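Next come the chains, spelled out residue by residue.
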Amino acid sequence: MKINSKMLGCVIVLVIFGGILLLMALGWWQTSGGGRRRGGESAGAVSGCPLAILPRAELVPAQPALPGLSSGRLDAHASAGIKNAPNGAFLRSTFAGLLPPV
Amino acid sequence: MKLLRKQFWRKRRLWPRYALQFLFFSLVALFSLNQTLVQNGGGLPFFQNISLHALCPFGGVETLAHLLITGTLLQKVRVSAVFLLELVFILAVLFGPVFCGWVCPLGTVQEWVGKMGRHWFGTRRYNHFIPRRLDVILRYARYLVLTWVLYLTLRSASLVFQDYDPYFALFHFWRGEVAPTALLILEITLFLALFVERPWCKYACPLGAVLGLSNLIRIFTIQRRAGTCLQKGEACTTLCPMNIPVSQKTVVRDHQCLTCLECTSEAGCPVSGTVFLGTEARP
């Protein structure tokens, strides 16, 4: 079986880019962060894979700045709220003075 | 004139290789430049996590032994480098070290510089400056480099080779993190490329040493049909960047072959279907 340069070029592109895309889809393609231990346990690594599932806290959108509330205080509340509060509790505690009584 | 025109179009038939070399060189340069821009607050966000360490399969070679022994990667080396190494191995078992001949950006740059040398000295003189015997001995130096790098890497558990790596220097020379030794080796390599084709690949590349072994077991090999060979011009031997005497072999299994296809009837060989890439015919 003979193979010419065009076919070889196509195979190289398919294997390299196809392999990378497949690995990305499987979530095994990591391009940043620290080392990864055997069994998939990551040592503080952030996956460069666009299909990687982020932790819930990272998916919370940034809160807009409000009058009378400094951004530093908002950040502190936000991080504390995301870490500790159940759904809705963070918003109720932060904006207690601004929201109408229920 | 007619012969020259024929030669020109013959060379153009290898355009897929030249296109892929340009593509991979551009991609690696883009990722490297983008990383610098990201560090300065700009750059393309989609590529910001991709570093050169993530794209170098030799990082995978270095870390493989470390991974097998300790279960962790070397500092700076990414999982992607190991996966990329696996993909390169798959290609190498099929077609030989096509990574070196078709993908490696350092090989591409050496080839581009070599074109100037070929233009100055002519095809017959260029790449034939080193005496044959010395050349054959020097080719095994890359296995010594490989052994040395693996030994130091395992001993220190860090990327020791980075301080000597011309590939790293080529795509990081504008940043302060490149060791002077790596820059010096890059300069020497590019200077020598004016006289010898791919000097780094031939005499020093540790990844080339690993991948070169695949020539012994590869499925698709470069073959020469003795029946139709003219045995006169020896264009295949003259054009081979690694100085392999293709005209004296029926099947090329030399540890230095890059599968660049310069010797085949698609490019160098004037007789159609005489030198080609294919599976060996069963007797």
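Residues numbered from 1 in each chain as written. Chains lettered and ligands numbered in written order. Predicted model: local features only at pLDDT ≥ 70, side-chain atom pairs only at ≥ 80, totals over all residues. Heavy atoms only, no water.

To continue, consider the overall build of chain A. Broken down by element type, chain A carries 3 helices and 1 strand. Helices (α) and strands (β) of chain A occur, in sequence order from the N terminus, as β-α-α-α. Each of the 102 residues in chain A was classed as buried or not, and the buried ones make up 24%. Sequence-distant contacts in chain A: of pairs separated by 6 or more residues, those separated by 24 or more amount to 27%. Split by element, the accessible area of chain A, about 7,000 Å² in all, is 66% carbon and sulfur. (Helix = DSSP H or I, 4+ residues; strand = E, 2+ residues; numbered from the N terminus. Buried < 20%, exposed > 50% of the residue type's maximum accessible area, 1.4 Å probe, protein only. Contact = heavy atoms within 4.5 Å. Areas by Shrake-Rupley, 256 points an atom, 1.4 Å probe, with all protein chains shown as cover.)

Turning to the overall build of chain B, a few remarks are in order. Tallying secondary structure elements over chain B gives 14 helices and 3 strands in all. Relative to the globule expectation of 19 Å for 283 residues, the C-alpha radius of gyration of chain B, 20 Å, shows essentially globular dimensions. Seen through its principal axes, chain B has C-alpha atoms that stretch 60 × 40 × 35 Å. Residue pairs at least 24 apart in sequence account for 74% of intrachain contacts in chain B once pairs closer than 6 positions are excluded. Looking at chain B as shown, the accessible area adds up to about 13,400 Å², and 68% of this sits on carbon and sulfur atoms. Positive and negative side-chain charges in chain B, numbering 29 and 14 respectively, have mean positions lying 10 Å apart. (Rg over C-alpha atoms; globule rule 2.2 N^0.38 Å. Lys, Arg positive; Asp, Glu negative; His and termini not counted. Charge placed at Lys NZ, Arg CZ, Asp CG, Glu CD.)

Below, the discussion takes up the pattern of salt bridges. Residues and elements named next belong to chain B. Scanning the entire structure with this criterion turns up 7 salt bridges over all chains. Among the salt bridges present, the one from R17 reaches E111, with a minimum N-O distance of 3.0 Å. Placement of R17 in helix α2 (residues 15–39) and of E111 in helix α7 (residues 105–121) is noted, with a sequence separation of 94 residues between them. Of the two residues, R17 and E111, neither departs from the other in class, the shared state being buried. D135 is the salt-bridge partner of R139, the closest N and O atoms lying 2.8 Å from each other. In this pair, the class of R139 matches that of D135, namely buried. When salt bridges with common partners are traced through the structure, they connect R17, E111, R198 and E262 into a single cluster. (Salt bridge = Lys/Arg side-chain N within 4 Å of Asp/Glu carboxyl O.)

Residues and elements named next belong to chain B. By the criterion of burial, strand β3 (residues 275–279) is predominantly enclosed, with 4 of the 5 residues buried. Examined bridge by bridge, strand β1 (residues 220–224) and β3 share 5 bridges and lie antiparallel to one another. For I222, the partnering residue across the bridge sits in β3 and is L277. (Pairing = 2+ DSSP bridges.)

A few words now on the interface of chain A and chain B. Taken residue by residue, the interface counts 30 residues in chain A and 40 residues in chain B. Here chain A and chain B share an interface that buries about 2,900 Å² over both sides, 74% of which is from carbon and sulfur atoms. Remark: the boundary between chain A and chain B carries 0 salt bridges. There are 3 residue pairs in polar contact (both at pLDDT 80 or more) connecting chain A and chain B. Of all the elements in the fold, those that place two or more residues in the side of chain A that touches chain B are β1 (2–3) and α1 (5–26) of chain A. A total of 13 residues in the side of chain A that touches chain B trace back to one element, the largest contributor, which is α1 of chain A. Taken together, the residues that form the side of chain A that touches chain B break down as 14 nonpolar, 11 polar and 5 charged. In this structure, β1 of chain A lies alongside β3 of chain B, joined through 2 bridges in antiparallel fashion. Each residue of the ladder has a partner; that of K2 of chain A, found in β3 of chain B, is G278 of chain B. (Buried area = accessible area lost by both parts, 1.4 Å probe. Polar contact = N/O pair within 3.5 Å; in protein donor to acceptor, adjacent residues only side chain to side chain. Nonpolar A, V, L, I, M, F, W, Y, C, P; charged D, E, K, R; others polar.)

A few words now on the packing of aromatic side chains. For the structure on display, the rule yields 15 aromatic pairs over all chains. Taking the centre distance of 5.2 Å and the plane angle of 80 degrees together, the rings of F173 of chain B and W174 of chain B count as edge-to-face. Three or more aromatic residues joined by ring pairs form one cluster here, namely F22, F25, W112, Y167 and F171 of chain B. Lying over the aromatic face of F276 of chain B, K2 of chain A brings its terminal NZ or CZ to 4.6 Å of the ring centre. Above the ring of Y18 of chain B, the side-chain terminus of K115 of chain B is found at 5.3 Å from the ring centroid. (Phe/Tyr/Trp six-rings, centres within 6.5 Å; stacked < 30°, edge-to-face > 60°. Lys NZ or Arg CZ within 6 Å of the ring centre and 35° of its normal.)

Okay, the side chain of T259 of chain B next. All names here are of chain B. Relative to the elements of secondary structure, T259 occurs in the loop between β2 (251–252) and β3. Residue T259 is classed as buried on the basis of its relative accessible area, which comes to 0%. Within the structure, T259 has its side chain in polar contact with the side chain of R218 (distance 3.2 Å).

This part covers the side chain of Q21 of chain B. Relative to the helices and strands, Q21 of chain B resides in helix α2. Apart from the residues within four sequence positions on either side, Q21 of chain B is in contact with G101, W102, T108, E111 and R198 of chain B.

To continue, consider the confidence of the model for chain A. Within chain A, residue pLDDT values average 56, and 28% of them lie at 70 or more. Under a pLDDT of 50 for its full length, residues 34–95 of chain A has, in the predicted model, 63 contacts with residues more than four places off or in other chains. (pLDDT = per-residue confidence, 0-100.)

Once that is clear, we can look at the state of the cysteines. Per the stated rule, a full pass over the model turns up 0 disulfides over all chains. Here C260 of chain B stays free of any disulfide, with the sulfur of C240 of chain B as its closest cysteine sulfur at 6.0 Å. (Disulfide = S-S within 2.5 Å.)

Quick look at the sheet that holds β1 of chain B now. Pairing within the open sheet is antiparallel, and its 4 strands lie in the order β1(A)-β3(B)-β1(B)-β2(B). Both outer strands of the open sheet, β1 of chain A together with β2 of chain B, are each paired with one neighbouring strand and no more.

Another aspect to go through is unusual backbone geometry. All names here are of chain B. One non-glycine residue with positive phi stands out, namely N127, at about 70 degrees. Examined against the element boundaries, N127 turns out to sit in the loop between α7 and α8 (132–138). Judged by its relative accessible area of 6%, N127 falls in the buried class. At T259, a position not held by glycine, the phi torsion is positive, near 55 degrees.

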